[in-house]
Amino acid sequence: MNANFPHPAPQPTPDKSSLPIVHRKPPRAAVMVPLPGTPAAWPKVSLKKVCLRYRTNGSAPLEALKNIDLEVRSGEFLCVVGPSGCGKSTLLHLIAGLERQTSGEITINNRAVQGTGTDRILIFQELGLFPWLTVAQNVGFGMRMKGVPKPERESRIREYLRLVHLSQFKASYIHQLSGGMRQRVALARALATEPDVLLMDEPFAALDAQTRDLLHDELERIWAETGRTIVFVTHNVREAVRLGDRVLLLTFRPGQIKREYPVVLPRPRHLEDVHVAGAAREILNDLRAEIDKSLEAEYGDEARA
Amino acid sequence: MKRALRNLLFYAALIGAWALLARLRVWPPYLFPTPWGVAEAIWAGFADHSFWIAIGVSMRRMLLGYGLSVVLGIALGMSVAGSRFLDQTLGGLLVSLQSLPSICWLPIAVLWFGLSEKAILFVVVMGSLLSVTISMETGRKQLPKIYSMAGRNLGARGLKLFLNVTLPASLPYIVTGLKQGWAFAWRSLISGEMIFVTLGLGQLLMMGRDLNDMSQVVAVMILIVALGYIVDGLVFKTIERLLEQRWGLAAS
Ligand SMILES: Nc1ncnc2c1ncn2[C@@H]1O[C@H](COP(=O)(O)OP(=O)(O)OP(=O)(O)O)[C@@H](O)[C@H]1O
Ligand SMILES: [Mg+2]
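This section reports on the structure supplied with the text. (Residues numbered from 1 in each chain as written. Chains lettered and ligands numbered in written order. Predicted model: local features only at pLDDT ≥ 70, side-chain atom pairs only at ≥ 80, totals over all residues. Heavy atoms only, no water.)

### A word on the interface of chain A and chain B
Our working rule: Contacts: residue pairs with any heavy atoms within 4.5 Å of one another. When two parts are put together, the accessible area they lose, computed with a 1.4 Å probe and summed over both, is reported as buried area. Salt bridge, as used here: a side-chain nitrogen of Lys or Arg that lies within 4 Å of a carboxyl oxygen of Asp or Glu. Here a polar contact means two N or O atoms within 3.5 Å. Within protein one must be a hydrogen donor candidate and the other an acceptor candidate, and residues neighboring in sequence count only if both atoms are side-chain atoms. Strands are runs of DSSP state E lasting at least two residues, helices are runs of H or I lasting at least four, and both sets are numbered from the N terminus onward. Here the nonpolar group is Ala, Val, Leu, Ile, Met, Phe, Trp, Tyr, Cys and Pro; Asp, Glu, Lys and Arg are the charged ones; every other residue, Gly included, is treated as polar.
Chain A puts 25 residues into the contact, and the matching count from chain B is 21 residues. When chain A packs against chain B, the two sides together hide about 2,100 Å² of surface, and 63% of this comes from carbon and sulfur. Per-residue buried area on chain A facing chain B is highest for Thr-116, Trp-132 and Met-145 of chain A; these three make up 32% of the total on that side. On inspection of chain A and its partner chain B, the count reaches 0 salt bridges. Applying the counting rule to chain A against chain B returns 9 residue pairs in polar contact (both at pLDDT 80 or more). Contributions of two or more residues to the side of chain A that touches chain B are made by helix 2 (88-96), strand 6 (120-123) and helix 3 (135-146) of chain A. Take the side of chain A that touches chain B: its biggest share by element is 4 residues, from helix 3 of chain A. For the side of chain A that touches chain B, a count of residues per class yields 12 nonpolar, 9 polar and 4 charged.

### Observations regarding the sheet that holds strand 1 (residues 45-54) of chain A
Residues and elements named next belong to chain A. What counts, and what does not: Between any two strands, at least two bridges found by DSSP are needed for them to pair.
An order of 2-1-4-5 is seen for the 4 strands of this open sheet, with the pairing classed as antiparallel. Pairing within the sheet leaves two strands with one partner each, and these edge strands are strand 2 (62-72) and strand 5 (111-112). Taken together, the 5 bridges between strand 1 and strand 4 (residues 103-108) define a ladder with antiparallel strand orientation. Residue Leu-47 lies in a different strand from strand 4, and its bridge partner there is Ile-106.

### Some words on the site of ligand 1
All names here are of chain A. Spelled out, the test is: Proximity is defined per residue: if any heavy atom of the residue lies within 4 Å of a molecule or strand, that residue is considered near it. In these tables, accessible area is a Shrake-Rupley quantity obtained with a 1.4 Å probe, and a residue counts as shielded only by the protein chains included in the view.
Inspection of the region around ligand 1 gives 14 residues, with Ser-84, Gly-85, Lys-88, Ser-89 and Thr-90 positioned closest. In the environment of ligand 1, an oxygen atom lies 3.2 Å from a nitrogen or oxygen atom belonging to the backbone of Cys-86. In the environment of ligand 1, an oxygen atom lies 3.5 Å from a nitrogen or oxygen atom belonging to the side chain of Glu-202. For ligand 1, whose free accessible area comes to 640 Å², the fraction covered by protein is 70%. Among the elements of the structure, strand 2 and helix 2 are those that each provide at least two residues to the shell around ligand 1. Looking at the shell around ligand 1, the element that brings in the most residues is helix 2, giving 3 residues.

Everything listed here is a matter of coordinates, which is why it stays silent on function.
Here it is as structure tokens:
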């Protein structure tokens, strides 16, 4: 076990609201001691032995996720990494209630997930912005569905557009925006709905480094202020370490939890920080091994075909 | 600008050739009207209000009939696209029924409703329902799943999801079908009116025949073409422009 991860088992870390000082501490060195705290009565999100098999045309069903056991504490920032096609998006879709598990149990606040609900908002990898609405109308969509009165809706639209630096584009249509701008609209649309659980599927993949850094800071600030629970999927291990309380590594087909890595570095962290880089290294090594396996599987398939 | 000029020249030449042929009296005037005779008939028709009344009656029938077939067609197309059973049964029937010229529904319409307004509406609805239904069905099937997923994710479901997501998202896919449906409805209406003796443009056309008034016949034909053109330009071109503006694509 690497020295960066002295606590392989998930440690009950404290509620953020009770210990704001610890999280606001400037970066110094890796804190390797588990913080004292009181875990909530039940996890915010819980998956027990969750499997998902996709039906495929003709051939054997595709086992996208297998025996996923996962608990996400209220207010936790969980990052998920894994090779392409390992089931990260599927995992988020399940929690969002857009997809139904083949077996196992998924609960939110100890209640079984029955379809979608505005307590969980997903930022899709494909974004899923609505081309027939303006940027502002996109951001306000969730609130309109929820029946938020118009004046409040408009002030929240303004607030979240300012947050993602798109105030000037509120009347634009989606096709008029760049890829990174679209990602920011999707972020604003999800945040504006103010969900308990925020599910983010590679939300910053198309951003330039500077914008991404800014949005990391903003996201971390919003998270710390509002106590949201976040499940964040990314390909970028450093980003995962930069943001997460815990990083989850999924294996390739079937998608299973290979390992979890608690990140016990003080916040705010910086992407370029040596401690972040150090902590990322071990995860990266394990991830590389998984990616190799996935490539082998893919090329193997092709050789056989 | 260049295009407008070219068109102007084209139509001027067309009318010039027509005037020349009429002047040469190749055919007698009761078979081949003169441009000025037709212009006069148009003028007279508007002056004695008979054209206005016919336009009003025909347009009212169009709006009712076409509106009905859009609502029914969208509902029907959605259900066919949403159900495997309906798709494999009703779906095939709809496609084969499309080969039936809409005027074939007239005997049924007359037997069911008599020579009434209802019968005319029935013919108009049957004329356009199928193309609206089929385009809604294929549009619904082509629609990327992400839109409805995003809609559900943001708290829309049931009718709300349909009205706020599915319908606007499928508009680019169904606008061609809606347009085609309008054209079919228009044709069905005029044919229906020609057979019925009730007010309307089709009847005006037949009246021209009964009176042996070739100028009136051509005048009404021009009116029918012009109305079709105006509706297309005002309604469907606007929708297409809107789609282009919002989606950033040239609507098909
Ligand atoms: N609707 C579906 N029907 C059938 N198979 C699917 C479906 N969605 C995903 N899969 C399969 O499930 C597996 C996991 O897909 P998923 O999209 O969750 O991967 P991912 O980890 O998000 O990949 P990436 O990092 O490339 O986004 C893939 O092998 C994919 O082919
Ligand atoms: Mg994915």
